[in-house]
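Structural overview for review
Chain by chain, the residues:
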Amino acid sequence: CPPRTCFCQACLTQAHRRSSGVETRVIEPYTAAQLVVKHAANARPTMVKLYALLAAPAAALVAKTNPLPRAAPRAAPADVEMKYRVAVIGGGPSGACAAEICAQEPNIETYIIERKMDNAKPCGGAIPLCMVDEFDLPSEIIDRKVRKMKMISPSNVEVDIGSTLKDDEYIGMCRREVMDGYLRDRAVKLGAEPINALVTSIDCPAPGDDNGRYTIHYSRNDLGRKAPDETLDVDVIIGADGANSRVAKAIDAGEYNFAIAFQERIKIDDEKMAFYDELAEMYVGDDVSPDFYGWVFPKYDHVGVGTGTVVNRPGIKMYQDAIRERAGDKIAGGKVIKVEAHPIPEHYRPRRLKHRAMLVGDAAGYVTKCSGEGIYFAAKSGRMAGEAVVKAMAGGTKLPTEAELEDLYIKPYDKLYFPTYTVLDILQKVFYTNNAAREAFVDMCRSEYVQDVTFQSYLYKRLVTPNPVEDIKLLFGTVGSLLRGRAIATPDKPFSNPVESLKRL
């Protein structure tokens, strides 16, 4: 029998799945009124009268199969309305924060679909200070509080930064599996229904069908390899499913360039770990990346050592070997406990919204150039998308329109953060393209004004009021740094990847 639309005894005694496994229990047959309410809740309002007509024969069937005496059935209202459904696909920071907002609206059914509940995304794991308060994050999920950073140039010139930070200011270092799990669990506690499954495809409403639903096809991962394919019909989709987004494919969102981020988690001895207690390192040079940087970031009981690149992705292992060599004795003798790799978007997708489906986080392309930061922007975009959906649905009383979601989510997000993406894109093109510029970049970091502006904009995600006098000094200082960089830098080694380069936009 078709699921959720049949009144036969086989459907009345059904198996209920639980997230921890499969639990089978017999459900007592429904009264006529209960049948109407149960099935009307999962159907369009126009089907309610049909269910009411079918309820009487169903009650007769129940009487034959269950001879125990029953109370007289009460009449069910014929105008029972269904709740609209919102599906958040992806359970990282963007998905969890979107689901958290939607789940607090009692007249909206919220689902959060994540293929791997213990997923550990390869990521530096750095979060700005403002995120801790804004998203009410507990101190337990922050492994380390970084208050010092060491910038290391191609010629291994080291510049320490962090002297401008106040005593209570820091960069939080997290393990993604810990932070993502916390945010996702919080959404579930607020009412989001979790589904541990891989989304395989999405059927969108037909063009012109303003009230049509999306059908999500998925295979549950918590039921074993032979789990049958299932479907879920929803009214709104928030795509938080990363760089390889199924939602983006379904709405024809277009492609974007992406970097490959590669990271090894390395457990080092306590003495070496003490060196990284409040310290993170950033290495630049064509040996560790032709267009990005390498890093050593402290975690709970280990360090994350990694790098990334867009222009020479086939060479990522070579660059990873180089960052380990550059870190040298500081991580020598360490044991690699985890190896991770993942695509990281380089710019916005051409389309982030279509009809009632929208993209957030990496799926939308919300990762900054130069710094490669994405966690805060993922969480923020998810929250803004969730708020837009709830507001546009007016307490679950109507479907949102594309125009409403554009005005409530896309435009406000771009107004807040597009200038940040633009500035960091320019900085990356200027300072990450050759070793001379990289030497100049590290040299400029000696300036306390540069350090203060950098940390204030990063920690609090706000524009810093310019200081005209300091800006003029910075201009001349930048010219001087570029000249010194050209004098001491070694030429970049050429590389060739003609096949891979054809894939870039």
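This section reports on the structure supplied with the text. (Residues numbered from 1 in each chain as written. Predicted model: local features only at pLDDT ≥ 70, side-chain atom pairs only at ≥ 80, totals over all residues. Heavy atoms only, no water.)

1. What to know about the sheet that holds strand β6 (residues 144–146)
In spatial order, the strands read β5-β9-β6; together these 3 strands make up an open sheet with antiparallel pairing. Lying at the two open borders of the sheet, with one neighbouring strand each, are β5 (126–127) and β6. The sheet contact formed by β6 and strand β9 (residues 171–173) spans 3 bridges and is antiparallel. When the bridges of β9 are listed, Arg 144 appears paired with Met 173. (Pairing = 2+ DSSP bridges. Helix = DSSP H or I, 4+ residues; strand = E, 2+ residues; numbered from the N terminus.)

2. Observations regarding helix α11 (residues 375–392)
The first and last C-alpha atoms of α11 sit 26 Å apart over 18 residues, in line with the 26 Å expected at 1.5 Å per residue. The buried fraction of α11 is high, at 16 of 18 residues. (Expected span 1.5 Å × (residues − 1). Buried < 20%, exposed > 50% of the residue type's maximum accessible area, 1.4 Å probe, protein only.)

3. Thoughts on the environment of Glu 169
Structurally, Glu 169 is set in the loop between β8 (158–161) and β9. The class of Glu 169 is buried, set by a relative accessible area of 2%. With residues near it in sequence (within four places) discarded, Glu 169 still touches Leu 129, Arg 147, Thr 164, Gln 456, Leu 459 and Tyr 460. In terms of polar contacts, Glu 169 uses its side chain to reach the backbone amide nitrogen of Lys 166, at 2.9 Å. In this structure the side chain of Glu 169 is engaged in a polar contact, spanning 2.6 Å, whose partner is the side chain of Tyr 460. (Contact = heavy atoms within 4.5 Å. Polar contact = N/O pair within 3.5 Å; in protein donor to acceptor, adjacent residues only side chain to side chain.)

4. Regarding the packing of helix α4 (residues 93–103) against helix α6 (residues 176–189)
Two elements in contact, α4 and α6, have axes whose closest approach is 8 Å; the angle formed by their N-to-C orientations is 15°. Our classification of the angle between α4 and α6 gives roughly parallel. Of the two elements, α4 crosses α6, and the hand of that crossing is left-handed. Touching Pro 93, Ala 96, Cys 97, Ala 99, Glu 100 and Ala 103 of α4 are Arg 176, Met 179, Asp 180, Leu 183, Arg 184, Arg 186 and Ala 187, all from α6. (Axes fitted to C-alpha atoms, helices over the stretch in contact; angles between N-to-C directions. Parallel < 35°, antiparallel > 145°, perpendicular 65-115°, else oblique. Left-handed = near helix turned anticlockwise from the far one by under 90°.)

5. Structural notes on the side chain of Glu 264
Turning to its location among the elements, Glu 264 is positioned in strand β14 (residues 258–267). Of the polar contacts made by the side chain of Glu 264, one reaches the side chain of Gln 320; its length is 2.8 Å. Once residues within four sequence positions are removed from consideration, Glu 264 is found in contact with Val 303, Gly 304, Val 305, Gln 320, Arg 324, Val 336, Lys 338 and Val 339.

6. Quick word on the sheet that holds strand β18 (residues 335–345)
Across the sheet, 7 strands lie side by side as β8-β7-β15-β16-β17-β14-β18; this open sheet has mixed pairing. At either end of the open sheet lies a strand with only one pairing partner, and these are β8 and β18. Taking each pair of neighbouring strands and ignoring which way they run, the sheet shows an average axis angle of 20°. Here 10 bridges tie β14 to β18, and the two strands are oriented antiparallel to one another. Considered in β18, the bridge of Glu 264 is made with Val 339.

Note that every value here comes from positions in space, so none of it alone points to a role or purpose.
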